[in-house]
Amino acid sequence: MDFNAKVIEEFRANDGKVGPPFEGAPMVLVHHLGAKSGAERVTPLVYLPDGDRIAIFASAAGAPNHPAWYHNLKANPRVTVDVGDGKGHVETWTAQADEVTGTERDDLYARQAAIMPGFAEYEVKTEGIRTIPVITLTRAA
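The following paragraphs examine the structure supplied in this document.

Definitions and cut-offs
- Residues numbered from 1 in each chain as written.
- Predicted model: local features only at pLDDT ≥ 70, side-chain atom pairs only at ≥ 80, totals over all residues.
- Heavy atoms only, no water.
- Pairing = 2+ DSSP bridges.
- Helix = DSSP H or I, 4+ residues; strand = E, 2+ residues; numbered from the N terminus.
- Axes fitted to C-alpha atoms, helices over the stretch in contact; angles between N-to-C directions.
- Contact = heavy atoms within 4.5 Å.
- Phe/Tyr/Trp six-rings, centres within 6.5 Å; stacked < 30°, edge-to-face > 60°.
- Buried < 20%, exposed > 50% of the residue type's maximum accessible area, 1.4 Å probe, protein only.
- Salt bridge = Lys/Arg side-chain N within 4 Å of Asp/Glu carboxyl O.
- 1 Å grid on protein atoms, 1.4 Å probe; cavity = no way out; pocket = protein on both sides within 12 Å on 5 of 7 lines; lining within 4 Å.
- Points joined across faces, edges and corners; volume = space filled by probe spheres on them.
- Nonpolar A, V, L, I, M, F, W, Y, C, P; charged D, E, K, R; others polar.

### Regarding the sheet that holds strand S5 (residues 78-84)
In step 1: The sheet built from 7 strands is open, its strands ordered S2-S1-S5-S6-S7-S4-S3 with antiparallel pairing. Each edge of the open sheet carries a strand with a single partner, namely strand S2 (40-46) and strand S3 (48-50). Neighbour-to-neighbour, the strand axes of the sheet open up by a mean angle of 35°, direction not taken into account.
In step 2: The sheet contact formed by S3 and strand S4 (residues 53-57) spans 3 bridges and is antiparallel. From the neighbouring strand, Asp50 faces S4, where its bridge partner is Arg53.
In step 3: Against the sheet, helix H2 (residues 68-75) makes contact with strand S1 (27-33), S2, S4, S5, strand S6 (90-100) and strand S7 (134-139), and its axis sits at roughly 60° relative to S1, the strand it touches most.

### Looking at the packing of aromatic side chains
In step 1: Scanning the entire structure with this criterion turns up 5 aromatic pairs.
In step 2: Residues Phe3 and Phe22 carry aromatic rings whose centres are separated by 6.0 Å and whose planes lie at 65° to one another, so their mutual orientation is edge-to-face. Highlighted residues: Phe3 in helix H1 (residues 3-13) and Phe22 in the loop between H1 and S1, separated in sequence by 19 residues.
In step 3: Summarising the aromatic geometry, the rings of Phe57 and Phe119 are spaced 5.5 Å apart at their centres and angled 65° between planes, so their arrangement reads as edge-to-face. Of this pair, Phe57 sits in strand S4 while Phe119 sits in helix H4 (residues 118-126), and the two are 62 residues apart along the sequence. Grouping residues by exposure puts Phe57 and Phe119 together as buried.
In step 4: Members of the aromatic cluster, each reached through a chain of ring pairs, are Phe57, Tyr109, Phe119 and Tyr122.

### Overview of the pattern of salt bridges
In step 1: A full pass over the atoms with the stated rule returns 7 salt bridges.
In step 2: In this structure, the salt-bridge partner of Lys74 is Glu99, at a minimum N-O distance of 3.0 Å. Residue Lys74 is located in helix H2, and its partner Glu99 is located in strand S6; the two are separated by 25 residues in the primary sequence.
In step 3: Between Glu91 and Arg139 there is a salt bridge, with the nearest N and O atoms lying 2.6 Å from each other. In this pair, Glu91 is assigned in strand S6 and Arg139 in strand S7, connecting sequence segments 48 residues apart.
In step 4: Overall, Glu91 belongs to the partly exposed group, its relative accessible area being 35%.

### Observations regarding the layout of surface pockets
Empty space among the atoms becomes apparent when a probe as large as a water molecule is rolled across them.
In step 1: Within this model, the largest pocket holds a volume of roughly 490 Å³.
In step 2: Residue lining of the largest pocket: 22 residues in total, with Phe22, Pro44, Leu45, Ser59 and Ala61 positioned closest to the centre.
In step 3: Elements with a minimum of two residues in the lining of the largest pocket: H1, S2, H2 and H4.
In step 4: Counting residues per element, the lining of the largest pocket draws most heavily on S2, at 4 residues.
In step 5: Residues belonging to the lining of the largest pocket are distributed by class as follows: 18 nonpolar, 4 polar and no charged.

### Structural notes on the environment of Glu9
In step 1: With respect to the helices and strands, the residue Glu9 is situated in helix H1.
In step 2: A relative accessible area of 47% means that Glu9 is categorised as partly exposed.
In step 3: When the C-alpha positions of Glu9 and Ala58 are compared, they lie 21 Å apart, and in sequence the two are 49 residues distant.

Shown next as structure tokens:
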């Protein structure tokens, strides 16, 4: 079983709570459609609460390329999310995924890196290669 599958299984078995390396972090399962295949995919991600929306980060742990889920959300921005609070509560809703740029992107990324310093390391790894995208998920009407 791959890493993501284990995190998804743990999230579902423990009402949104997962162990290391994400223990205590707010996690979301993003249900999205493949940009080319149209197949449903589920990706577990750490998120940053931001008012009425949440922010997710296409860091791919500092890899040189954007993760596949980023391209899927750009092609198919209407998604379903299972939002865990890290304390055993999960809420499911439909969301609109939008990429944020400029100062707004920088501010959200800096807030995430302050909470989880690994994100600062990911940004250093990608410096000069790519800017890590920040996507906000807002409840769809």
